[in-house]
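# Structural features, examined
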Amino acid sequence: MAAQNTFVWTGLDKNGRKNQGEIVAASQALAKAQLRKQGISAKTVKRKAKPLFSVGSKKIKSSDIAIFTRQMATMMKAGVPLVQSFDIVAEGLENEGMRDLVTGIKTDVAAGGGLAASLAKHPKYFDDLFCSLVGSGENSGTLEVMLDRVATYKEKTEALRAKIKKAMTYPIAVIVVAIVVTAILLVKVVPTFAETFRGFGADLPGFTLFVLRISDFMQEWWFIMLLGVMAAGWSYSQAMLRSKNFRDRVDALSLKLPIIGGIVHDSVVARFSRTLSTTFAAGVPLVEALESTAGAAGNAIYSAAIFQIRDDVTAGTSLYQSIRATGLFPTMLLQMTSIGEESGSLDEMLGKVADQYETQVDDAVDNLSSLMEPLIMSILGVLIGGLMIAMYLPIFMLGSVI
């Protein structure tokens with residue numbers, strides 16, 4: 001697929017009035033052709049210049065896609081035509097990158113392409129699951145209903161991800177700040193005390209000597225240590241990006257961590273239930289739904305298990321028996337799946353499981369946040385308070401001698 005560019009045009013509209021605007025196309029010739037289809041007689045069509053510092057263009061996040069989906073669902077349910085819905089949504093977007101994305105999709109749809117096919121041209125933002133659900137809505141004539149379901153699915157998924165991210169960000173940020181402050185104290189403040197201690201003419205406490213040795217080590221090797229931390233961070237990010245085996249090991253380790261492992265497990269179960277419920281309710285065949293669910297699991301261990309479930313279902317095994325054979329999913333999910341298969345309401349039962357586990361994740365994250373606050377304060381007290389005690393201990397001892 002050719003890269004899409006934004007072109008600025010001036011010319012006459014259908015009514016012969018002077019007008020101007022922007023259009024997204026792969027080339028200038030295609031831009032002119034699209035304008036002719038819209039009844040516009042273009043005089044000039046130039047590629048839009050990119051500013052030196054593009055402040056308005058931000059990275060497109062998954063939350064932006066969720067908001068876009070909800071807005072489109074709302075427009076469609078209100079009876080607004082699809083192409084006009086794109087125009088209305090695009091006008092209200094502040095993120096230039098997101099606006100260009102929406103405009104590009106609108107251009108494809110206006111040229112006669114289907115919505116699912118147009119979305120599939122942007123796999124970075126719209127995965128196979130998203131496109132499959134939209135395609136089902138187009139084929140069945142229930143696009144507005146399907147967009148509403150997709151929007152609900154994206155909103156719940158994003159809410160769960162944001163909840164976990166928020167719980168992890170705060171303690172990590174505080175610990176990083178504590179480490180930075182401690183390093184500054186060891187490199188800049190402690191040496192000042194060391195100069196003062198040399199004039200005491202008395203033996204220093206063991207704790208103070210220990211801190212002074214750490215300070216000397218930090219002063220000599222701080223740059224190497226900083227480079228080591230940066231290299232470790234870069235190596236980790238590259239390994240996560242390039243090595244599937246490394247990602248699998250990290251996913252397996254995350255499930256074994258105390259407290260965190262339980263949250264990861266519950267979030268995966270919630271995501272599995274929500275995705276399978278949404279796809280099955282959309283009329284997607286079970287085998288295809290399981291493939292989409294495996295891709296959305298978010299954990300390599302569970303993705304492999306879901307692919308195994310798919311293979312078992314393809315071989316004729318019931319979904320309940322297939323899930324049970326993995327030994328990874330909780331009893332509640334198994335029971336609700338069995339009831340859903342017997343009653344013909346699998347999507348409804350899985351939706352209830354998803355609601356239950358999303359609530360459990362919310363509660364677990366809230367409890368973790370409450371637990372982390374005193375723990376973080378303790379870490380700060382040990383680091384900063386320990387340094388202060390080590391520095392003032394010789395002064396206190398000297399005062400008692402006098």
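Structure's up top.
Residues numbered from 1 in each chain as written. Predicted model: local features only at pLDDT ≥ 70, side-chain atom pairs only at ≥ 80, totals over all residues. Heavy atoms only, no water.

Moving on: the overall build of the protein. Scanning the protein from terminus to terminus reveals 15 helices and three strands. Since a compact globule built from 402 residues should have a radius of gyration of about 21 Å, the 29 Å found for the protein marks it as more spread out than a globular shape. For the protein, the spread of C-alpha atoms along the principal axes amounts to about 95 × 65 × 35 Å. Taking all 402 residues of the protein together, the buried fraction comes to 38%. In the protein, of all internal contacts separated by at least 6 residues, the share reaching a separation of at least 24 is 59%. Each charge class in the protein can be summarised by its mean position, and for the 40 positive and 37 negative side chains these summaries are 9 Å apart. (Helix = DSSP H or I, 4+ residues; strand = E, 2+ residues; numbered from the N terminus. Rg over C-alpha atoms; globule rule 2.2 N^0.38 Å. Buried < 20%, exposed > 50% of the residue type's maximum accessible area, 1.4 Å probe, protein only. Contact = heavy atoms within 4.5 Å. Lys, Arg positive; Asp, Glu negative; His and termini not counted. Charge placed at Lys NZ, Arg CZ, Asp CG, Glu CD.)

Turning our eyes to something else, we now look at the pairing of strand β2 (residues 18–25). Note: strand β1 (residues 5–12) against β2, eight bridges, orientation antiparallel. By the bridge assignment, Gly 11 is partnered in β2 with Asn 19. (Pairing = 2+ DSSP bridges.)

Moving on, we get to a positive patch on the surface. Taken together, the side chains of Lys 59, Lys 61, Lys 124 and Lys 165 make up a positively charged region of the molecular surface. Of note, Lys 124 is situated in the loop between α5 (115–120) and α6 (128–140). (Patch = residues over 30% accessible without salt bridge, like charges linked within 9 Å, V, L, I, M, F, W, Y side chains within 5 Å. Areas by Shrake-Rupley, 256 points an atom, 1.4 Å probe, with all protein chains shown as cover. Salt bridge = Lys/Arg side-chain N within 4 Å of Asp/Glu carboxyl O.)

A contiguous nonpolar patch, built from Phe 217, Trp 221, Trp 222, Phe 223, Ile 224, Met 225, Leu 226, Leu 227 and Met 230 and spanning about 910 Å² of accessible area, is present on the exposed surface. Tracing the backbone through its elements, the reader meets Met 230 in helix α8 (residues 206–242). A residue is classified by how much of its surface remains accessible, and Met 230, at 53% relative accessible area, is exposed.

Moving on, we get to the environment of Gln 238. Relative to the elements of secondary structure, Gln 238 occurs in helix α8. Separated by 111 residues in the primary sequence, Gln 238 and Met 349 place their C-alpha atoms 40 Å from one another. For Gln 238, the side chain forms a polar contact with the side chain of Arg 242, separated by 2.7 Å. (Polar contact = N/O pair within 3.5 Å; in protein donor to acceptor, adjacent residues only side chain to side chain.)

To continue, consider the sheet that holds β1. If you trace the three strands from one edge of the open sheet to the other, you get β2-β1-β3, paired in antiparallel fashion. The open sheet is flanked by β2 and β3 (41–47), the only strands paired with a single partner. Across the sheet, the mean angle from the axis of one strand to that of its neighbour is 25°, orientation sign disregarded. Note: β1 against β3, six bridges, orientation antiparallel. Opposite Thr 10, over in β3, you have Thr 44 as the bridge partner. (Axes fitted to C-alpha atoms, helices over the stretch in contact; angles between N-to-C directions.)

Just distances and angles here, no functional claims.
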